[in-house]
Each structure stands twice: as structure tokens, then as C-alpha cells.
Amino acid sequence: MKLQLQHLSKRYGTKYAVNDVSTVLKPGIYGLLGANGAGKTTLMRMICGVLRPASGNIYLNGKTIEDLGQRYYSHLGYMPQDLGFYPDFTAREFMLYMAAVKGLDKKEAKTRTEKLLEMVNLSDVANKKIRSYSGGMKQRLGIAQAELNDPSILVLDEPTAGLDPKERVRFRNLISDFAKEKIVILSTHIVSDVSYIADTILMMKDGRFLLQEPMATVTDCIDGKVWEIVADSREAAEYSRRFSVVNLHHENNMVRLRIIHETSPAAGAFTVPPSLEDLFLYYFGEEAQNERSE
């Protein structure tokens, strides 16, 4: 299984939402990271055939998705950022409806519906109306419908947005369970959601890929640029003004700061192993800080 994006571009007016993006995806989990407005959703909608690229092509196993037509969509499972549910449907009714839309026969639709509702832990509430569901339950139903046709390409756009920490952990575990032998593209601006489960990181900014790296080596480019220092409150305020501070922690009368800088920010600072969150802030600066505070 190979999904190839070749020089994809999409422009709205004079602004490029996606600008000459190319990559080759094989089975595995890809974390698509970027601040809001980076182009992630536009790229995913093109992969899913919701939007047509202004230029470039998408290939599945060497054939364009236009040539494949409906055969391409049979390989695809998509959970958009804002999945429209029918609030008066029960979860079971919604799943059977989506199965019909995807072209499953009645027997297969029923079998897949029951199996997936059990996998996402909704079997006990399958006959309750969706309007009564919490945000986490709706997100689990969303990934279940994306899996109905057992797709080989699973595209998830901001699937954990708005979930509490417990639901996010549950959702990440679900994605890992579903990911076997699939191409999974998980778009988010919540770094921790992909740091645990992604095999490869794709980072976007201004419609382009900043990097495409395996998770094991993605932070190598900022090795030696992440520092910690312990300072008093006055010094900490000055460091916060002058440098990119990833985190600070008050310890008795002192403050421990984690700083990203090319060289040592001060005497007494020492380097620490970089994290994916450090890398995100390194590239996005104030954009990343604003999103971490939301």
C-alpha cells in the first residue's frame, strides 16, 4: 500500500493553503502537526477527495485517484473535524445509515456496526439518541463510522479536540488498535496526542512541510538547543521576556525554566533532551504558545 502526494497545491484568492506538498505514505501512523491555519485540514480534504487540488496529483499504488474513482473511496475512512451527526438517530441507526452510504450490504453493515460499537465501548448505549451523548462518546462514534468499510487509509482531522485527558488517552488507544497495516493520518495541534502513537511526524507551516521525520529522530535537529535553568523570580521574568520559554515551574522561592535557544541563555543553564513539544515551539514560537494555552 502506497499513497503518494505529488506537488499538491490549493489556493484561496492570493493565499496558498497548501503549497507544493509532496510525500510518500506507507502503512503506519503519521502525525500531521501544525498551528491553526497551517494547511492541515485543506491537505486532508484533498486526500479524501472533498477538495480538488489546483495542481498536483494523488496516487494510490501508482494510479491517480481520478482514474481509480469509486475504487479509491472504498479504501478510505474519514473523520472530519466537524462530523455532522443526526441528533435524533441512535448510534446504531447512524452506523447503519453510514454503512448504506458507504455501500455495505445489510448483513455486512449489521456485523460491522455491532463489532465497532463494541470496540469503541458504545454497545451499552447504542440505542440512545446521539443528542444525549457526551463529546467523547461522539468522537468514539466518529472513529467507528470511519472504520465501517475497514479502510486501508484512515484520515482523522483533530479527533481529540475538546476531549478531557481520560477520553484522549482512550481515543489514542483506539487509534493504535485500528492502525494495524493501515495508513493513518492524524491531524492535530495537540502535540501530546501524536507523541505517544505516531511513527512519523509531518509538520506543516504556511501550507508547506517543514519536516518529514520518523518519530525516533524527529527532535535531533534541536538537540543541544533546549536548556533548563533555575532562577529567582526577577531573573525568571527577564528570561521569559528574552527567550522562548517552553515551561516554568515554581520550586519554593525559585523558578525552574525550560528554554529553547541556539546557545546557552545564561551561566548555569544546562542542556536537556528535547521533546516533540519543544520542537513544535521551536518552529512556531508565539503561535505554539497561544495554542498550548487554549
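Cut-off values and rules
- Residues numbered from 1 in each chain as written.
- Predicted model: local features only at pLDDT ≥ 70, side-chain atom pairs only at ≥ 80, totals over all residues.
- Heavy atoms only, no water.
- Helix = DSSP H or I, 4+ residues; strand = E, 2+ residues; numbered from the N terminus.
- Expected span 1.5 Å × (residues − 1).
- Buried < 20%, exposed > 50% of the residue type's maximum accessible area, 1.4 Å probe, protein only.
- Arc of directions from axis to C-beta.
- Contact = heavy atoms within 4.5 Å.
- Polar contact = N/O pair within 3.5 Å; in protein donor to acceptor, adjacent residues only side chain to side chain.
- Lys, Arg positive; Asp, Glu negative; His and termini not counted.
- Salt bridge = Lys/Arg side-chain N within 4 Å of Asp/Glu carboxyl O.
- UniProt positions renumbered as here; feature names shortened; annotations may be inferred.
- Core = buried A, V, L, I, M, F, W, Y, C linked by side-chain atoms within 4.5 Å.
- Pairing = 2+ DSSP bridges.
- Axes fitted to C-alpha atoms, helices over the stretch in contact; angles between N-to-C directions.

- Under an unreviewed UniProt entry, the name given to the protein chain is ABC-2 type transport system ATP-binding protein, and the source organism is Murimonas intestini.

Some details on helix α5 (residues 106-119)
Then, in step 1: Compared with the 20 Å implied by 1.5 Å per residue over 14 residues, the 20 Å span of α5 between its first and last C-alpha is a close match.
Then, in step 2: Within α5, burial applies to Ala109, Arg112, Thr113, Leu116 and Leu117. Taken down its axis, α5 places every buried residue within 125° of arc, on the same side. For α5, exposure combined with an orientation more than 90 degrees from the buried face picks out Lys107, Lys110, Thr111 and Glu118.
Then, in step 3: Residues of α5 that are buried in the fold lie against α4 (91-101), α6 (135-146) and α7 (165-178).
Then, in step 4: A distance of 3.2 Å separates the backbone nitrogen of Lys107 from a side-chain oxygen at the start of α5, and that oxygen is part of Asp105.
Then, in step 5: Positive backbone phi, approximately 60°, marks Asn121, located one or two places after α5.

With respect to the side chain of Asp157
Then, in step 1: Topologically, Asp157 is positioned in strand β7 (residues 153-157).
Then, in step 2: Buried charge without a partner: Asp157 forms no salt bridge, and the closest opposite charge is Arg45, 5.4 Å away.
Then, in step 3: Side-chain polar atoms of Asp157 contact the side chain of Thr41, separated by 2.9 Å.

Examining the UniProt feature "domain: ABC transporter" (unreviewed entry) in the protein chain
Then, in step 1: Under the UniProt annotation, "domain: ABC transporter" (unreviewed entry) lies at residues 3-231.
Then, in step 2: Strand forms 30% of residues 3-231 and helix 31%; the C-alpha atoms that close the span are 50 Å apart.

Regarding the nonpolar core
Then, in step 1: Judged by nonpolar contacts, the single largest core of 54 residues is most densely connected at Leu122, Leu141, Ile143, Leu156, Ile175, Ile201 and Leu276.
Then, in step 2: Residues in contact with Ile201, not counting those within four places in the same chain, are Gly31, Leu33, Val194, Leu211, Gln212, Glu213, Met215, Val218 and Leu276.
Then, in step 3: Ranked by size, the runner-up nonpolar core spans 28 residues in total, among them Val18, Leu43, Met46 and Ile185.

Here we look at the environment of Thr217
Then, in step 1: Of note, Thr217 is situated in the loop between β10 (208-214) and β11 (226-231).
Then, in step 2: On a C-alpha basis, the gap between Thr217 and Thr200 in space is 9.3 Å, while along the polypeptide they are 17 residues apart.

Looking at the sheet that holds β11
Then, in step 1: Ordered in space as β12-β13-β11-β14, the 4 strands form an open sheet in which the pairing is antiparallel. Where the open sheet ends on each side, the last strands, each with one partner, are β12 (244-251) and β14 (270-271).
Then, in step 2: Two elements, β11 and β14, share 2 bridges in a ladder whose sense is antiparallel. Each residue of the ladder has a partner; that of Glu228, found in β14, is Phe270.
Then, in step 3: Its contacts with the sheet put helix α9 (residues 233-242) on β11, β12 and β13 (254-260), and the angle it makes with β13 is roughly 15°.

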